[in-house]
Each structure stands twice: as structure tokens, then as C-alpha cells.
Amino acid sequence: MLLIPLEKKYNIEVQRNDKGAIPKRARYNSSVIDTKSLPTGTEFEELPETYVIFITENDVIGYNKPLYHIDRVIKETGELFGDEAHIIYVNGSYQDESPLGKLMHDFSCTNPEDMYYKLLADKMRYFKEDEKGVEEMCKIMEDLIDSEKREIALRMLKGGRLPIEEIAEYTGLMVDEVKMLAENEKLVTLQ
């Protein structure tokens, strides 16, 4: 029997689009954590406690609460099921004088001078005003854009209807990059 250390696993996402925080996405994210946390041959008891946390711009649950804790419950008894899989929604529109309310306020700020928490304000200043921070942020954004381009090219390749040259043209990737994506995924391509 293979034993792995028990530890908590977290999946935290900031969701501006309400559709990005639907319950089935939370369920899916929870299952992905489980799948990646349990190597073949490991006992199910070794699954770690997991948390899927959506920080949402709007109150997607709709009860005007700052937090929503979702856990499985045995309907007949009202007791927790005890599978240690938790989903938490943080309502970003709930802004009051509580620590969480102040944090949600800070998340929506565009000016560090308006923020409550110094650490966040300092980081925002760094990424918006410091030359090195701006460089870092630009690099992060470029990497995200490149990653998105590769994802789009991969979906186009899997569709199998367009030649590599057209996929490269539409995505802004080099032809060799698209070819490498196709080879890595062992996809048949149109030449």
C-alpha cells in the first residue's frame, strides 16, 4: 500500500464572468484535484481535504452573503457526509467594514491609495508604477496571451479542418509552433 502525506489542496479562481463560476464547474474542479491527488495504487482514504474557492465579482449564489460554504450533506439526517471536499464562493460585491469586506473592496480598486491593505497596495504600486514591476506584468500578460493562442490553435488542430498555415495565420503563431503542437498531440494535420 502506497502512503502519501495528508495535506489540504486548494483551487482558487477569481471569476469576473458569472458563467465561469457555475456549480458544475466547481464540481469539475473538485474532481480534477482528486484525480491529480491520488496516484494509482493509493488507498482512497489518502485523498487530501480539498477546497475549490471561487472569488466572484457578483453574488452568483444570490443571498447577499459574503461567503457561501458548500459541503455534501446526508439529506435524511442533516449531517455532513464527511468526504472533505469543500466549495466556497466569496461574494466580491459584498463590501463592508469586516476584514473580508475590506479585502473585496481592495480587489475592486484601481488606485492603490484607495486600498485598506498595505500589502496589496504595495504590490499594486509595484506592478503598475515600478519599471521592473511593469516589465514583470507585461511578461506575465505576454505569456498568458501566448498560452491562449496555443490553446486556440490546439482546438483548431483537433477540429481537423484547417491547414497548419491558416491556423498559424489566424492565431498569430509561427507555422513551426503549430506543427510542434500537432506533433506533441499526435494529431493528423492538413498540409
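Predicted, not measured: the structure shown is a model, and the values here were computed from it. (Residues numbered from 1 in each chain as written. Predicted model: local features only at pLDDT ≥ 70, side-chain atom pairs only at ≥ 80, totals over all residues. Heavy atoms only, no water.)

K.L.:
Would you take a moment to explain the packing of helix H3 (residues 118-129) against helix H4 (residues 131-159) for this structure?
P.N.:
Packed helix pairs are specified by the crossing angle of their axes together with the interaxial distance, meaning the distance between the axes. Where H3 meets H4, the axes come as close as 5 Å, and the angle between the chain directions of the two elements is 80°. When the interaxial angle is binned, H3 and H4 end up roughly perpendicular. When H3 is examined against H4, the residues Tyr 126, Phe 127, Lys 128 and Glu 129 are found in contact with a partner set consisting of Glu 131, Lys 132, Gly 133, Val 134, Glu 136 and Met 137. Taken together, the residues of the contact of H3 with H4 sort by class into four nonpolar, one polar and five charged. (Axes fitted to C-alpha atoms, helices over the stretch in contact; angles between N-to-C directions. Helix = DSSP H or I, 4+ residues; strand = E, 2+ residues; numbered from the N terminus. Parallel < 35°, antiparallel > 145°, perpendicular 65-115°, else oblique. Contact = heavy atoms within 4.5 Å. Nonpolar A, V, L, I, M, F, W, Y, C, P; charged D, E, K, R; others polar.)

K.L.:
So what exactly am I meant to see when it comes to the environment of Met 124 here?
P.N.:
Considering the arrangement of structural elements, one finds Met 124 in helix H3. For Met 124, a relative accessible area of 17% translates into the label buried. For the pair Met 124 and Cys 109, spaced 15 residues apart in the sequence, the C-alpha separation amounts to 9.6 Å. Those residues in contact with Met 124 that lie beyond four places of it in its chain are Cys 109, Thr 110, Asn 111, Pro 112, Met 115 and Glu 129. (Buried < 20%, exposed > 50% of the residue type's maximum accessible area, 1.4 Å probe, protein only.)

K.L.:
Looking at this structure, how should I read the side chain of His 86?
P.N.:
Topologically, His 86 is positioned in strand E4 (residues 85-91). For His 86, a relative accessible area of 15% translates into the label buried. A distance of 2.7 Å separates a polar atom in the side chain of His 86 from a polar atom in the side chain of Glu 49. If sequence neighbours within four positions are ignored, His 86 has contacts with Glu 49, Thr 50, Tyr 51, Val 52, Ile 70 and Asp 71. (Polar contact = N/O pair within 3.5 Å; in protein donor to acceptor, adjacent residues only side chain to side chain.)

K.L.:
Sorry, what's going on with the sheet that holds strand E3 (residues 67-70) here?
P.N.:
Backbone hydrogen bonds hold the strands of a sheet together, and the pairing may be parallel or antiparallel. Read from one edge to the other, the open sheet built from four strands follows the order E1-E2-E4-E3, with strand pairing classed as mixed. Only two strands of the sheet have a single neighbouring strand rather than two, namely strand E1 (9-15) and E3. Between one strand and the next, the sheet's axes are offset by a mean angle of 15°, whatever the strand orientation. Judged from the seven bridges that link them, E1 and strand E2 (residues 50-56) form a sheet pairing that is parallel. Its bridge partner lying in E2, Tyr 10 is registered against Tyr 51. On the sheet, helix H2 (residues 99-107) packs against E2, E3 and E4 and is oriented at approximately 65° with respect to E4. (Pairing = 2+ DSSP bridges.)

K.L.:
For this particular structure, what's the right way to read the nonpolar core?
P.N.:
With nine residues, the main nonpolar core is built from Ala 153, Leu 157, Ile 164, Ile 167, Ala 168, Leu 173, Val 178, Leu 181 and Ala 182. For this core, the secondary structure elements donating two or more residues are H4, helix H5 (164-171) and helix H6 (175-184). Judged by nonpolar contacts, the second largest core, of eight residues, contains Ala 26, Ile 33, Ile 87 and Tyr 89. (Core = buried A, V, L, I, M, F, W, Y, C linked by side-chain atoms within 4.5 Å.)

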